[in-house]
Amino acid sequence: MIESIIIGYPVPEIVLAEDSHRKRSFIVIDGKQRLLTVAGYIDPDGYNYWTRPKLQKLQVRDDLNSLEFHELESNPKYVNELREFQNSSLRCTVITNFTTNNVLYDIFYRLNSGSVPLSTQELRQVLNRGEFANFLISITNEKQPVHDVLKLSGPDKRLKDIEIILRVFAFRMFASDYTGNLKKFLDDKMALITKDWSNFESEISNTYKEFNDTIEYLSTVFGSSSKIGRKVTNNEFESRFNRVIFEVQCFYFMQMDRKELKLTEVFIENFKKLCSEDNEFRTSVESSTKNIESYRTRYSKFQTLLNESFELSIDLNPFN
């Protein structure tokens, strides 16, 4: 993109939405990566976006490869290139007077339907700016237990880690409110917590601690964090992460007194059988999140699994 700007090639437009809650503020609907590319090249300390802020893999102007911005700026040899870069115009469309956030989601999906899908959480974070959004960013800025589960070396640029944590919070605290629309459910609960952060802050902090403790415990039970939230096929744990399995595992183990859970080998064997032999359960973890009956089945069967494996009589299914 930097090369395109310097040589005057067209760059896709930036799409912004006027923030109805803050004057002279805008929400980036499309073009976040392009803006960060430019900002991170000019000011790598202020925008930690480039791993190494040097031009690379330029083809038309390969003579500029390896240059940092301060080198481009200070060398008289590149005065024309610098002038072109600093004075170029990026086309921008600003959306105003939209009535609901659903309009922005619709535009967001349409703009990205032909490219690598962007995370809904990126937009959700912007539409719900505040202390809760800041909290979610702060707890994932450094490597956390959830990153081991997701096989990530650190924070996810598309906020996959944050959306997973938000799902755990939402179902742990409000599962009985779920009606089958996951996006709306997460939108509503993030907005609710954001609006009343002073009352939710302590509960959210405690829930996050429970979440991390649960991952640590499940890592011991399964023998590896890479087996948490995975289906079992042919008696082997799949490598692919399954969000709804992770969700139901966290929901129950976060609420249970783990001092009573001594028969972990029995639990593992029964879990393998549940995944491999129970078609209803397997269907429930492979179907759309819009099927509320799948939630009821999945939670019911996992609850039965826990009761039979650990000789308990828990009754926590929020979908019954």
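Residues numbered from 1 in each chain as written. Predicted model: local features only at pLDDT ≥ 70, side-chain atom pairs only at ≥ 80, totals over all residues. Heavy atoms only, no water.

Describing empty space enclosed by the protein
Inference 1: Enumeration according to the criterion identifies one cavity of 30 Å³ or more in this entry.
Inference 2: Its volume calculated, the largest cavity comes out at about 30 Å³.
Inference 3: Lining the largest cavity are Ile 164, Arg 167, Val 168, Arg 243, Phe 246 and Glu 247.
Inference 4: Within the residue set of the lining of the largest cavity, elements represented by two or more residues are helix H9 (160–174) and helix H12 (243–253). (1 Å grid on protein atoms, 1.4 Å probe; cavity = no way out; pocket = protein on both sides within 12 Å on 5 of 7 lines; lining within 4 Å. Points joined across faces, edges and corners; volume = space filled by probe spheres on them. Helix = DSSP H or I, 4+ residues; strand = E, 2+ residues; numbered from the N terminus.)

Notes on the packing of helix H13 (residues 264–277) against helix H15 (residues 292–310)
Packed helix pairs are specified by the crossing angle of their axes together with the interaxial distance, meaning the distance between the axes.
Inference 1: Remark: H13 packs on H15, axes separated minimally by 9 Å, with the N-to-C direction vectors making an angle of 145°. Crossing angle aside, the handedness with which H13 passes H15 is right-handed. Taking contact as the criterion, the partners of Thr 264, Val 266, Phe 267, Asn 270, Phe 271 and Leu 274 in H13 are, on H15, Lys 301, Phe 302, Leu 305, Leu 306, Ser 309 and Phe 310.
Inference 2: Looking at the contact of H13 with H15, its residues break down into eight nonpolar, three polar and one charged. (Axes fitted to C-alpha atoms, helices over the stretch in contact; angles between N-to-C directions. Left-handed = near helix turned anticlockwise from the far one by under 90°. Contact = heavy atoms within 4.5 Å. Nonpolar A, V, L, I, M, F, W, Y, C, P; charged D, E, K, R; others polar.)

Some remarks on the side chain of Ser 25
Inference 1: Considering the arrangement of structural elements, one finds Ser 25 in the loop between strand E1 (14–18) and strand E2 (26–30).
Inference 2: Excluding anything up to four places from it in sequence, Ser 25 contacts Ala 17, Glu 18, Asp 19 and Arg 129.

Things to note about the environment of Leu 218
Inference 1: With respect to the element layout, Leu 218 can be found in helix H11 (residues 197–222).
Inference 2: Here the alpha-carbon distance between Leu 218 and Arg 34, two residues 184 residues apart in the chain, equals 40 Å.
Inference 3: Setting aside its immediate chain neighbours within four residues, Leu 218 contacts Gly 223, Ile 228, Gln 249 and Phe 253.

Let's talk about the environment of Asn 242
Inference 1: Take Asn 242: it is sitting in the loop between strand E5 (236–237) and H12.
Inference 2: Residues Asn 242 and Glu 68, spaced 174 residues apart in sequence, show a C-alpha to C-alpha distance of 41 Å.
Inference 3: Setting aside chain neighbours within four positions, we find Asn 242 in contact with Gly 229, Lys 231 and Val 285.

Here we look at the sheet that holds E2
Inference 1: Spatially, E2-E1-E3 is the arrangement adopted by the three strands of the open sheet, whose pairing is mixed. This sheet does not close on itself; its edge strands, each paired only once, are E2 and strand E3 (92–95). For this sheet, the mean inter-axis angle between neighbouring strands, taken without regard to orientation, is 30°.
Inference 2: In terms of strand pairing, E1 meets E3 through four bridges, oriented parallel. What sits directly across from Leu 16, in E3, is Val 94.
Inference 3: Contacts between helix H2 (residues 32–42) and the sheet are confined to E1 and E2, with E2 contributing the most and set at about 110° to the helix. (Pairing = 2+ DSSP bridges.)

Notes on the packing of aromatic side chains
Aromatic rings considered in pairs are described by the distance between their centres and by the relative angle of their planes.
Inference 1: The final tally for this structure, using the stated rule, is 37 aromatic pairs.
Inference 2: Relative to Tyr 208, the ring of Phe 135 lies with its centre 6.3 Å away and its plane at 85°, an arrangement referred to as edge-to-face. You can see Phe 135 sitting in helix H7 (residues 131–140) and its partner Tyr 208 sitting in helix H11, a full 73 residues away along the chain.
Inference 3: Exposure remark for Tyr 208: the relative accessible area of 7% places this residue in the buried category.
Inference 4: Geometrically, the ring pair formed by Tyr 299 and Phe 319 is edge-to-face, given 4.9 Å between the ring centres and 75° between the ring planes. One end of the pair, Tyr 299, is in helix H15; the other, Phe 319, is in the segment after H15, and 20 residues separate them in sequence.
Inference 5: Taking the relative accessible area as the measure of exposure, Tyr 299 reaches 0% and is therefore buried. (Phe/Tyr/Trp six-rings, centres within 6.5 Å; stacked < 30°, edge-to-face > 60°. Buried < 20%, exposed > 50% of the residue type's maximum accessible area, 1.4 Å probe, protein only.)

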